[in-house]
Amino acid sequence: MDVPLWLALIVVGALGIKLIRPPWWLVAVLLLGGFLLADSLLAPVIDTAISK
């Protein structure tokens, strides 16, 4: 069974928010930080670290 990455991320995110109940500002900071980090100079380094 092939599950798209975006669907898996939505399911894991929804379960995490429902079960752990982090503050919404923390969720927003993590999402914004990940978005900005993906467009930074560190993106290739992170990509190679995750790909291995």
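Residues numbered from 1 in each chain as written. Predicted model: local features only at pLDDT ≥ 70, side-chain atom pairs only at ≥ 80, totals over all residues. Heavy atoms only, no water.

On a plain count of helices and strands, the protein comes out with three helices and zero strands. The linear arrangement of helices and strands in the protein, starting from the amino end, is α-α-α. In terms of C-alpha radius of gyration, the protein reaches 13 Å, well past the compact-globule figure of 10 Å for 52 residues. Oriented by its inertia axes, the alpha-carbon framework of the protein measures out at about 35 × 30 × 15 Å. (Helix = DSSP H or I, 4+ residues; strand = E, 2+ residues; numbered from the N terminus. Rg over C-alpha atoms; globule rule 2.2 N^0.38 Å.)

The next thing to look at is the UniProt feature "transmembrane region" (unreviewed entry) in the protein. The UniProt record marks residues 24–46 with the feature "transmembrane region" (unreviewed entry), using the residue numbering of this structure. A distance of 26 Å separates the end C-alpha atoms of residues 24–46, which is 83% helix and 0% strand. (UniProt positions renumbered as here; feature names shortened; annotations may be inferred.)

Turning our eyes to something else, we now look at helix α2 (residues 24–38). With 15 residues, α2 extends 21 Å between its outermost C-alpha atoms, agreeing within 8% with the 21 Å of an ideal straight helix rising 1.5 Å per residue. The element α2 is largely exposed, with a buried count of one among its 15 residues. (Expected span 1.5 Å × (residues − 1). Buried < 20%, exposed > 50% of the residue type's maximum accessible area, 1.4 Å probe, protein only.)

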